[in-house]
Structures are given as C-alpha cells and as structure tokens.
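# Inside the fold
Residue strings, one per chain:
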Amino acid sequence: MIDFRYHLVSIVAIFLALALGIILGSTTLSQSVADSLRNQANDAKERGDRLRDENTGLSRQIKGDEQFAQALAEQTVADRLKGQSVVFIETPGAASDALEQLSNLVQKAGAAVTGRVTIQKKYLDDNRQTEVEQLANQLKPEGVTFAADADAYDKAGAVLASAIVTKDVAKAGREDASGGAILNGFKQLGYVTTSGKPGQHATLAVVMAPSTPYTGTGGETGNQALLSLTTALDAADRGSALGGPNTAAQKGGGLIAALRGSDAEKNVSSVDVADQPSGRVVMILALQEELAGKAGQYGIGPDASGYLPSPAPVAGKSG
C-alpha cells in the first residue's frame, strides 16, 4: 500500500528532477551561446586588425604618391602654360591654401597670375538678384550681349568676365577703363573683393569651388550663380577650369557635381582633387587641354572621366 509520504517524496523528486534539468539545460545553452559569441568576437577582431593594416598601408601609399607628385610637380608642368596668364576666382567657402599653392604652380608652368577676384556671399543672396541684374545692365560694356533668356546671374557673369579675361593674347596684360569701372562697381556694392591686378585680362581662368557643398535654402541658386560666372569666363577666354576637393564633386550641393550635371561640362573642365599635390598638376594639364579646345572632368568623384587627361598633353606645347 502506497501511503501519503511516498506520494509526497515522489512529487518532490519529480520537481527536483525538472529543476535540475532546467538548470543543466540553461547552463549548456549559456555555454553554447557564450562560445558562439566569443568566436564571433575573435573573428571581428581579426577582420578589424586586417582592415587597420590595410588602411595603414593605403595611407602610406597615398602619402608616398603625393610626395612623389610634389617632388616632380615643377618638372612636370614646366612651360605647359608658357605665354599665358591666369586669373583666380575664389568662391565663398573655397580653400584659400589650395588656391595659393595652385597659383604658385601656375607660375612654375610659365604663366603669369594677374590677380584674384573673391566672390562674396552677398552676391549669392537670392534677395539681391534684382540689384545684381540692374548693376549688370548699368555696367554692360560695348561688345557684350545678353541672350534673350539670360537671368540676373547670366548677365552679371558676362559683364564680370569681360573685365578680367580675354581670348585676344594681344589684349592680355592690359587694363582698360571699362574693366576698371566694372570691378569697382561690383566692389562698391560688396559683391566682390580683389587682389593683384585682375583687370589686366587673363587668357585663362581658374574657379575654386566651395569645400562644403551648398545645401538648404538658396543652395541651388548659389551654385547656379557660380556656374553662370564660370561658363561666362570660359566663353570670354581661351579656357576655364573649376577645381576643388572631392567634397565639391558629391551630389546634393557640390559645385563640381552641378557642373558635371549640366551642359557646361562640354566646355569647362573640372578637377575634384585640386586640394592635393597631384591634383594641382592635373589642373595645369586641364588648362593646357583647354587651350587646345578640349574639356574634361578629372579626379575620383562621381562622373569623372579619369584622374587626368588621357593621353596626357605633350609637355611644353600649349594651344
């Protein structure tokens, strides 16, 4: 006969067995999970170490390439722009250091630098378009015509370009009353500042793009204003190039990206590595190609055709 005590002991034993099974099961499961996580962590560490080593190697390679380019830059660009002159256009947010270094290299390439025109933020203000257009109409010199569909920035770009660049080599290096009046008019209203003698009429123009893309309200208008000026310069001189860092080639506000997405890319060259020693050499090659009537989009950003012109133009022979 089975008494109550036996039932009680049996029930307790059953529950103890269940509890022990749960404990053993969870312990085994926990150990399995822990082993799996440990293996994943080790794999991740190994991948991280490999990527860090690869990154270090690539950084050293890039540094070496740039040192190589810097060491041979003067020799590479020698006489490529001989007999030419260059004016620099600095946009709001452009890197002044890169512009200075490029200016030095332009002179090593045999060209004279007439000066610099720095565009002020006020010029890009949406609310100033009427005033900009009135100024352009007022200062328009003889020989400059506006297209029927020209907007305020198209007109202003054409007028400014007439004051600082020329296709006529005989006119290059000379200042005139008309150009002086135009630059003074834009300066007095706070739209530009100048250094050097940009009114001497250069044969080539370099526009330095903003390092940080224009975004938000007015960003698109700002880019369009600068593109209008860039294309006007190219139409009035022997060639123009737009340079900047790779950020300027990124879609969503970059000025170089805006150029490459427009009809202007057919005539105006761009270099999206102009902040690098090798990129500055490419800018000289791009200007030499412009003299030969060839435009190209160079660098590593979206829509670039390659890092540099291919085949590279012959040294010492400009158009």
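Check the entry above for the structure.
Below, the structure is looked at part by part.

## What about the sheet that holds strand 7 (residues 297-298)?
Here we have seven strands laid out as an open sheet, ordered 3-2-1-4-5-6-7, and mixed in their pairing. In this open sheet, the two strands that pair with only one neighbour each are strand 3 (192-196) and strand 7. Relative to strand 5 (residues 240-243), strand 4 (residues 204-208) is paired through four bridges, and the arrangement is parallel. Along strand 5, the bridge assignment pairs V206 with A241. Running over the sheet, helix 2 (residues 96-108) touches strand 1 (85-90), strand 2 (112-119) and strand 4 and is turned about 175° from strand 1.

## Digging into the packing of aromatic side chains
A complete count under the given rule lists three aromatic pairs for this structure. Grouped by ring-pair contacts, the aromatic residues Y123, Y153, F186 and Y191 constitute a single cluster. Just above the ring of Y191 sits the side chain of K122; from NZ or CZ to the centre is 5.5 Å. Over the face of the ring belonging to F146 we find K140, whose NZ or CZ atom lies 5.7 Å from the ring centre.

## Quick word on the environment of G222
By the element assignment, G222 lies in helix 6 (residues 219-236). Looking at G222, the relative accessible area reads 2%, which means it is buried. Linking G222 and L255, residues 33 residues apart in sequence, is a C-alpha distance of 9.1 Å. In contact with G222, not counting residues within four places along its chain, are L124 and Y214.

## Concerning the side chain of E90
Within the secondary structure layout, E90 lies in strand 1. Judged by relative accessible area, E90 falls into the buried class, the value being 10%. A polar side-chain atom of E90 sits 3.3 Å from a polar atom in the side chain of R116. Side-chain polar atoms of E90 contact the side chain of T118, separated by 3.2 Å. Apart from the residues within four sequence positions on either side, E90 is in contact with S96, L99, R116, V117, T118, I119 and M208.

## Quick word on the pairing of strand 4
Counting buried residues in strand 4 gives five out of five residues, a clear majority hidden from the surface. Residues L204, V206 and M208 line one face of strand 4 and the alternating positions A205 and V207 line the opposite face, and both faces are buried.

## Notes on a nonpolar patch on the surface
Taken together, I300, Y307 and L308 make up a surface patch of nonpolar side chains, about 270 Å² in accessible area. Looking at the secondary structure, you find L308 in the segment after strand 7.

## With respect to helix 6
Compared with the 26 Å implied by 1.5 Å per residue over 18 residues, the 26 Å span of helix 6 between its first and last C-alpha is a close match. Burial in helix 6 covers these residues: G219, G222, N223, A225, L226, L227, S228, L229, T230, A232, L233 and D234.

## Digging into the packing of helix 3 (residues 129-139) against helix 4 (residues 152-164)
Direction vectors running N to C along helix 3 and helix 4 enclose 40°, while the axes themselves pass 8 Å from each other. The orientation of helix 3 with respect to helix 4, classified from their angle, is oblique. Here helix 3 runs over helix 4; the crossing is left-handed. Where helix 3 approaches helix 4, its residues Q129, V132, E133, A136, N137 and L139 are matched on the opposing element by A152, Y153, K155, A156 and V159.

## A short note on the pattern of salt bridges
A side chain of one charge can pair with a side chain of the opposite charge when the charged atoms of the two come close. By the definition in use, this model includes six salt bridges. As a salt-bridge pair, E90 and R116 come within 3.3 Å of each other at their nearest N and O atoms. Of the two residues, E90 sits in strand 1 while R116 sits in strand 2, which places them 26 residues apart along the sequence. Among the salt bridges present, the one from E133 reaches K155, with a minimum N-O distance of 2.8 Å. Placement of the pair is E133 in helix 3 and K155 in helix 4, with a sequence separation of 22 residues. Given a relative accessible area of 26%, E133 falls into the partly exposed group. Using a relative accessible area of 13% as the deciding quantity, one classes K155 as buried.

## Quick look at unusual backbone geometry
Note: most residues except glycine have negative phi, and most peptide bonds are trans. Note the cis peptide between S310 and P311, where omega equals -5°. Checked against the element boundaries, P311 lands in the segment after strand 7. In the Ramachandran plot, H201 falls in the positive-phi region, its phi being about 65° despite a non-glycine side chain. Along the chain, H201 falls in the loop between strand 3 and strand 4. Of note in the backbone geometry, D303 takes a positive phi value of approximately 70° without being a glycine. Tracing the sequence through the fold places D303 in the segment after strand 7.

Criteria and thresholds
The residue numbering used here restarts from 1 in each chain and proceeds along that chain's sequence as written. Local features are withheld for residues below a pLDDT of 70 in this predicted model, meaning they are given only at 70 or higher, and side-chain atom pairs are given and counted only at 80 or more; totals for whole chains, interfaces and linings count all residues. Working from all heavy atoms in the structure, the side-chain values ignore hydrogens and water. Two strands form a pair only when DSSP identifies at least two bridges running between them. Secondary structure elements follow DSSP: runs of H or I of four or more residues count as helices, runs of E of two or more count as strands, with numbering from the N terminus. Throughout, a residue-residue contact means that at least one pair of heavy atoms, one from each residue, lies within 4.5 Å. Between N-to-C directions, angles span 0 to 180 degrees; the directions come from axes that are lines fitted to C-alpha atoms, helices contributing only their stretch in contact. Aromatic contacts are taken between Phe, Tyr and Trp rings whose centres are within 6.5 Å, Trp giving its six-membered ring; a plane angle under 30 degrees counts as stacked, one over 60 as edge-to-face, and the others as tilted. Ring-over charges, as used throughout, are those where CZ of Arg or NZ of Lys falls within 6 Å of the ring centre and within 35 degrees of the ring normal. Partly exposed describes any residue whose relative accessible area lies between the buried limit of under 20% and the exposed limit of over 50%, with all areas from a 1.4 Å probe on protein chains only and scaled to the type maximum. Polar contact is the term for a pair of N or O atoms within 3.5 Å; when the atoms are in protein, one must be able to donate a hydrogen and the other to accept it, and sequence-neighboring residues count only if both atoms are side-chain atoms. Excluding any residue in a salt bridge, patches collect residues exceeding 30% relative accessible area, merging like charges within 9 Å and nonpolar Val, Leu, Ile, Met, Phe, Trp and Tyr side chains within 5 Å. The protein chains shown are the only cover counted for residues, whose accessible areas, like all others here, come from Shrake-Rupley with a 1.4 Å probe. Between Lys or Arg on one side and Asp or Glu on the other, a salt bridge is scored when a side-chain nitrogen of the former is within 4 Å of a carboxyl oxygen of the latter. By this rule the span expected of a helix is its residue count minus one, scaled by 1.5 Å. The scheme is simple: roughly parallel for angles under 35 degrees, roughly antiparallel for over 145, roughly perpendicular for 65 to 115, oblique for anything else. The handedness criterion is simple: a crossing whose near helix is rotated anticlockwise from the far helix by less than a right angle is left-handed, and one whose near helix is rotated clockwise is right-handed.

No statement about biological role is implied by the geometric values presented.
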